[in-house]
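So the chains spell out like this:
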Amino acid sequence: MMSGGQSDEINVLDYSEGFLSNSSAISLVDQSNILSFPEPHAISFASGTSRGLSLVTASFTADWFSYMRLDNQTVTPTAYSFTEGEEAPIAKNELFPLDATQKDNRIFFSCRGSMDANINGQVRSWSLTSLNRNDESIYEFETSSFPWHIVASPVSNEVFVVLSGSEDVPSSAGLACLTYNDSGELSLKWQTLDSVFDTLHGVTVSSDGNRVYVSSRGDGSIHIFDGISGSLINTVEGVGMMMDMGMMNMGSLSGIAVTQ
């Protein structure tokens, strides 16, 4: 219900003629490893990493991710399991990876986790060079945090991750800043939580790293944070229209971006 994506491929749109048209989809099936890739949800494209032009995605309904180089003549995805010992075509579904970002030599995944399986919300850092679990770093939040979108700072060894939060746990929603060292080890720099935040979702950062903008699906607001300290600077209300989703009202804001 949250993802709704089809299995095994990423759709591609071509705009070279000045309008959008379908191009050949990229298959995520890895014949030597994973034969099925259900509901790809997270996606990250990067051109300035140590591996060149790289595209990463992760399955929302299996604990797998896929890496591929786009500057090769043939695009050949390679699939990896987050969980040691997992074998295709069956994988656990406890992490629920939602988003990914790349910076320097690292891939960062935000994972919702599972309250039913007592798996905390978390951010996972993998090396782009080795793509080896031995080089992985994990930072865990509370099970009620539900991490959502994640973005890398353009100026520092930091990533910002939205904590969507749980309606059942007051002050579980907010924004967190994680730092990472040359080995990719993650640590918490700051975390800002508040009961006024309602189902936070998208995140983007200014080009100087000083401002972080977060969208709310709960009430259609945009929250502006100080990227250095994490303090809330301002809230712009009523940006997103409210929609009747049957049993609940939901704001129309999802992802968010800045252009400068």
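In this text, all values refer to a predicted model and were calculated from it rather than measured experimentally. (Residues numbered from 1 in each chain as written. Predicted model: local features only at pLDDT ≥ 70, side-chain atom pairs only at ≥ 80, totals over all residues. Heavy atoms only, no water.)

Draft legend 1. Molecular detail of the pairing of strand β16 (residues 186-193). Two strands pair when backbone bridges link them, and strand β15 (residues 174-180) and β16 are joined in this way by seven bridges, in the antiparallel orientation. Note on β16: the bridge partner recorded for L178 is L188. (Pairing = 2+ DSSP bridges. Helix = DSSP H or I, 4+ residues; strand = E, 2+ residues; numbered from the N terminus.)

Draft legend 2. Spotlight on the sheet that holds strand β7 (residues 64-69). Read from one edge to the other, the open sheet built from four strands follows the order β5-β6-β7-β8, with strand pairing classed as antiparallel. The outermost strands of the open sheet, each flanked by one partner alone, are β5 (40-49) and β8 (78-81). The average angle at which neighbouring strand axes cross in this sheet is 20 degrees, direction not considered. In the sheet, strand β6 (residues 52-59) pairs with β7 via five bridges, with the strands oriented antiparallel. When the bridges of β7 are listed, V56 appears paired with Y67. (Axes fitted to C-alpha atoms, helices over the stretch in contact; angles between N-to-C directions.)

Draft legend 3. Region of the structure containing the side chain of H149. Residue position: H149 is located in strand β13 (residues 147-152). At 3.4 Å, the side chain of H149 and the side chain of H201 are in polar contact. Among residues more than four places away in sequence, those in contact with H149 are D99, S110, F160, V161, V162, H201, G202, V203 and G255. (Polar contact = N/O pair within 3.5 Å; in protein donor to acceptor, adjacent residues only side chain to side chain. Contact = heavy atoms within 4.5 Å.)

Draft legend 4. Up close: the environment of T259. When you line up the elements, T259 lands in the segment after β22 (249-251). With 55 residues separating them along the chain, T259 and T204 place their C-alpha atoms 10.0 Å apart.

Draft legend 5. Layout of unusual backbone geometry. With a phi close to 45 degrees, L131 is a non-glycine residue in the positive phi region. One non-glycine residue, F146, adopts positive backbone phi at about 50 degrees. Considering the arrangement of structural elements, one finds F146 in the loop between β12 (137-140) and β13. Since its relative accessible area comes to 18%, F146 is described here as buried. (Buried < 20%, exposed > 50% of the residue type's maximum accessible area, 1.4 Å probe, protein only.)

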